[in-house]
Amino acid sequence: MTLTVLMNAGPWLSVPPPGYGGIENVIATLVPELRRLGVRVVLASVESSTLPVDERIAVFPDGQFHALQRPYNQVCGVSQAHLSEVVRALHARDDIDLVHDHVEAVGLATLAAMGPDAPPVLHTLHWDLAKHPELYGNLDGGDRVRVNGVSASQLARAPEALRAHSVGHVHLSTPLAVDADRHAPVAKGDHVVILGRINPGKGQDLGARLAQETGFRLVLAGPVGPYHRPEDLAAAGDEARQNPDVRFFYDQVAPYVDGDRVRWVGTVAGRERDDLVASARASLFPLRWEEPGGTAVVESLSLGTPVVATARGCLPELIGHGRTGLLTEDERELGDLVLAAAGLEPAECRREAARRFTPARMAQQYVELYDRVRAGVTKP
Ligand code: UDP
């Protein structure tokens, strides 16, 4: 019997995303593999999503990233409109065997409230949950609603109420791990890269200061709030500072950005992003939050670039210290570790990614979780 899954990607970005987009990148990686395994996928996203699927549900023509309020879980008109359409579709048809939801607490609460006639829901947690215990406080929906984490450390830190509904964790894979040959090894340059949205938790301020103090070239890539290009941020003027990530950038990061040793290049996408990471001596993650899943960490390994990071969140699960990267609990050591990373083998990083983080493996693990959720089995 063919399994039909409604994959709820949410209204924020198209799938695959135009550039930045961790959750959307993961969905874009997972869905083709699921379909290869015979799963029918109905994608709830935005109309501009180009990912091949069996059917689509969309309210918005395009990604509504500009309307996103952090944390993801805040109820706003955009998420309500999107979720209403998903709920309407679920009421109107009876061929959906399972909802695989990625839209954080808002999505889960809405789906849980649908009552016993709705299909079972597997909700993938993408956030650092210890910081937001209130969000998942009321998990109505009983046995029909299950959650999975994206790392063991994320689940271990999750509120008890959530862990009681957990069916385990599945490490992320990304489009960059789809085909290792697509990315033949490229020559290493002399730069270090931090890839990710500019945010205090991701620690770009610390990375930029270390680059200036230790003397390595650093490229910061990623959006600052809703601004993807330096010229867009400059044009936005003072009003942009209402966004906390914009304030963080101006106050904490920009003082170290000199356009030479430390550069902010905005959001990079596609080949440009891949080459930037693949040619870096190291990817730096000076984290100040408990990184839940680390898409960009897995991507770096896939591209043969060792990872230097604070040992927070899922990093110790993903990185073999001394083999595929260097981790420390003392952020003052990061500068020295960046220099030491030159001794690590790019080929070993690629091997590790090809062994542990393939899209096929991620899809297989999800199919097993789908079976367990449908059978009402909770414990891993
Ligand atoms: N990304 C990108 N271009 C950028 C910055 C980020 O394509 O300039 C992608 C990156 O490759 C990764 C995702 O956005 O797939 C970020 O996901 P991650 O889980 O690392 O960060 P978070 O979801 O916490 O923002």
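Throughout this description, residue numbers start from 1 for each chain and increase along the sequence as written. With the structure being a predicted model, the display of local features is reserved for residues of pLDDT at least 70 and the display and counting of side-chain atom pairs for 80 or more, all residues being used for whole-chain, interface and lining totals. The side-chain values count all of the structure's non-hydrogen atoms but skip hydrogen atoms and water molecules.

Enquirer: Would you mind going over helix H6 (residues 204-215) with me for this structure?
Expert: Because each turn of an α-helix spans 3.6 residues, side chains separated by three or four positions end up pointing in the same direction. Helix and strand definitions follow DSSP, with helices as H or I runs of at least four residues and strands as E runs of at least two, each counted in order from the N terminus. Any helix carries an expected span of 1.5 Å times its number of residues minus one. Taking 1.5 Å of rise per residue, the 12 residues of H6 would be expected to cover 16 Å, and the 16 Å separating its terminal C-alpha atoms lies within 8% of that figure. Throughout, exposure labels follow a simple rule: accessible area from a 1.4 Å probe, protein chains only, divided by the maximum for the residue type, with under 20% read as buried, over 50% as exposed, and the rest as partly exposed. Residues of H6 that are buried include every one of Gln204, Asp205, Leu206, Gly207, Ala208, Leu210 and Ala211, and no others. Contacts were defined at the residue level, with two residues in contact if any of their heavy atoms lie within 4.5 Å. Turning to H6, the residues buried within the fold contact strand S8 (191-195), strand S9 (217-221), helix H8 (244-253), strand S10 (262-266), strand S11 (282-285) and helix H12 (334-340).

Enquirer: It is not clear to me how the site of the ligand should be interpreted in this structure. Could you clarify?
Expert: Contacts to the ligand come from 18 residues, most closely from Tyr20, Arg197, Val268, Thr295 and Glu299. Here a polar contact means two N or O atoms within 3.5 Å. Within protein one must be a hydrogen donor candidate and the other an acceptor candidate, and residues neighboring in sequence count only if both atoms are side-chain atoms. Contacts to the ligand include Gly222, whose backbone N or O atom sits 3.4 Å from an oxygen atom. For the ligand, whose free accessible area comes to 540 Å², the fraction covered by protein is 94%. At the level of secondary structure, the elements contributing two or more residues to the shell around the ligand comprise helix H1 (22-36) and helix H10 (295-302). Note on residue classes: Ala, Val, Leu, Ile, Met, Phe, Trp, Tyr, Cys and Pro are nonpolar, Asp, Glu, Lys and Arg are charged, and everything else, Gly too, is polar. For the shell around the ligand, a count of residues per class yields 6 nonpolar, 8 polar and 4 charged. Nearness is judged by heavy atoms alone; a residue qualifies as near a molecule or strand once a single heavy atom is within 4 Å of it. Surface accessibility follows the Shrake-Rupley procedure with a 1.4 Å probe radius. Residue values consider only the protein chains on display as shielding.

Enquirer: So what exactly am I meant to see when it comes to the environment of Leu155 here?
Expert: Tracing the chain through its elements places Leu155 in helix H4 (residues 152-157). C-alpha separation for the pair Leu155 and Ser166, spaced 11 residues apart in sequence, amounts to 8.1 Å. Filtering out sequence-adjacent residues up to four positions away, Leu155 remains in contact with Leu125, Gly149, Arg163, Ser166, Gly168 and His169.

Enquirer: What is the right way to look at the state of the cysteines in this model?
Expert: Formally, a disulfide is one covalent bond, and it connects the sulfur atom of one cysteine to the sulfur atom of another. Two cysteine sulfurs form a disulfide in these notes if their separation is within 2.5 Å. Tallied over the full model, the rule gives 0 disulfides. Summary of cysteine pairing: Cys314 is not part of a disulfide, and the nearest cysteine sulfur, belonging to Cys349, is at 16 Å.

Enquirer: What exactly am I supposed to notice about the sheet that holds strand S1 (residues 4-8) here?
Expert: Only strands joined by at least two bridges in the DSSP assignment are considered to pair. In spatial order, the strands read S3-S2-S1-S4-S5-S6-S7; together these 7 strands make up an open sheet with parallel pairing. In this open sheet, the two strands that pair with only one neighbour each are strand S3 (55-58) and strand S7 (166-169). Strand-to-strand twist across the sheet, computed as the mean angle between neighbouring axes with direction ignored, equals 20°. Sheet topology note: the strand S2 (residues 40-45)/S3 ladder contains 4 bridges and is parallel. If you follow Val42 over to S3, its bridge partner there is Glu55. Between N-to-C directions, angles span 0 to 180 degrees; the directions come from axes that are lines fitted to C-alpha atoms, helices contributing only their stretch in contact. Packed on one face of the sheet, H1 meets S1, S2 and strand S4 (98-101) and runs near 175° to S1. Taken strand by strand, helix H14 (residues 359-375) contacts S1, S4, strand S5 (121-124), strand S6 (145-149) and S7, and its axis lies near 135° from that of S5.

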